[in-house]
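Observations on the three-dimensional arrangement
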Amino acid sequence: MVPCGAVLWRRLLRKRWVLGVVLGLSLVYFISSTFKQEERMVRDRTLLQVQEHEQPIMWKVKFSSGNSSQLSNQCRNSVQGKLLITDELGYICERKDLLVNGCCNVHVPSTKLYSCDSCLPNGCCSIYEFCVSCCLQPSKQHLLERFLNRAAIAFQNLFMAVEDHFELCLAKCRTSSQSVQHENTYRDPIAKYCYGEYPPELLPV
């Protein structure tokens, strides 16, 4: 036996005005949901624009002058180089001349301080470790500060995590979207590690 409620429901659905009401309510719900989503998107976009223009990014980078004169028992270094290593004091040396404490052996003639070998005047270098060493020069502090002041919101994820001059140079010298054109070609295939304010010049297409 079919329940009375089911029979009444079927009869109601056969009536055009009931279908019209259901369709109308569905349409109202759809329109109101669309407007709410649009309002949310506009509000988020406005908030982002306000943050971009009125709230400067609070960079945490600390600079210390005279890094090379400080005695340290341990050094952080650039780690990745197969042949060369740069330590946080600005010394660059061959990997075999790296001491157990992570610092370059300064008594080896080939060890150099704040070396810009392989670097161009625009701050782009062909060797990552020389880029880091050159970037660590105390005189480069103002250039790096200018870059941070100009840096776009897009760089937040990259630079908000760095806390000092050394970490900033490590991050800045790594190749990034600034170093490439058309997403797959280096702007300058030779000098692709840059600490400068601006990316390498675009190669002619």
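For the structure, check the block above.
First, a word on scope: everything that follows refers to the structure included in this document. Just so we're clear, the structure is a prediction, and the values are computed from it rather than from any experiment. (Residues numbered from 1 in each chain as written. Predicted model: local features only at pLDDT ≥ 70, side-chain atom pairs only at ≥ 80, totals over all residues. Heavy atoms only, no water.)

Regarding the overall build of the protein chain
Basically, it comes down to this: Elements are defined by DSSP. Helices are runs of H or I of four residues or more, strands are runs of E of two residues or more, and each kind is numbered from the N terminus. The cut-offs for exposure are 20% and 50% of the maximum accessible area for each residue type, with area from a 1.4 Å probe on protein chains only; residues under the lower value are buried, those over the upper are exposed, and the others partly exposed. Note on areas: these come from Shrake-Rupley sampling with a 1.4 Å probe, and a residue is covered only by the protein chains present in the view.
The helix and strand tally for the protein chain stands at 6 helices and 7 strands. The secondary structure elements of the protein chain, listed N-terminal to C-terminal, are α-α-β-β-β-β-α-α-α-α-β-β-β. Counting all 205 residues of the protein chain, 35% fall into the buried class. Element-wise, carbon and sulfur atoms account for 59% of the exposed surface of the protein chain, whose accessible area totals about 13,800 Å².

Description of the sheet that holds strand β2 (residues 91–94)
The following threshold applies: Strands are treated as partners if at least two bridges between them are detected by DSSP.
The 3 strands lie next to each other as β1-β2-β3, forming an open sheet whose pairing is antiparallel. Pairing within the sheet leaves two strands with one partner each, and these edge strands are β1 (84–86) and β3 (112–113). Where β1 meets β2, 3 bridges bridge the pair, whose relative direction is antiparallel. Residue pairing in the sheet places Thr 86 in a bridge with Ile 92 of β2.

Some remarks on the pattern of salt bridges
Rules: We define a salt bridge as a contact between a side-chain nitrogen of Lys or Arg and a carboxyl oxygen of Asp or Glu at a distance within 4 Å.
Going through the model one piece at a time under the given rule, you end up with 6 salt bridges. For the salt bridge of Glu 167 with Arg 76, the shortest nitrogen-to-oxygen distance reads 3.2 Å. Of this pair, Glu 167 sits in helix α6 (residues 165–173) while Arg 76 sits in the loop between α2 (16–54) and β1, and the two are 91 residues apart along the sequence. The network of salt bridges with common partners includes Arg 76, Glu 88, Asp 164 and Glu 167.

Concerning the state of the cysteines
Condition: Note on terminology: disulfide denotes any pair of cysteine sulfur atoms within 2.5 Å.
Following the criterion strictly, the structure yields 7 disulfides and no others. Here Cys 116 is linked by a disulfide to Cys 134, with a sulfur-sulfur distance of 1.9 Å. With the S-S bond torsion at 80°, the cross-link from Cys 116 to Cys 134 turns out right-handed. Here Cys 134 lies in helix α3 (residues 128–135) and Cys 116 lies in the loop between β3 and β4 (124–125), a separation of 18 residues in the sequence. Classification of Cys 116 by relative accessible area gives partly exposed; the value is 28%. On the accessibility criterion, Cys 134 (1% relative accessible area) is buried. Across a sulfur-sulfur distance of 2.0 Å, Cys 124 and Cys 194 are joined as a disulfide pair. Since a negative S-S torsion denotes a left-handed disulfide, the Cys 124-Cys 194 link at about 110° is right-handed.

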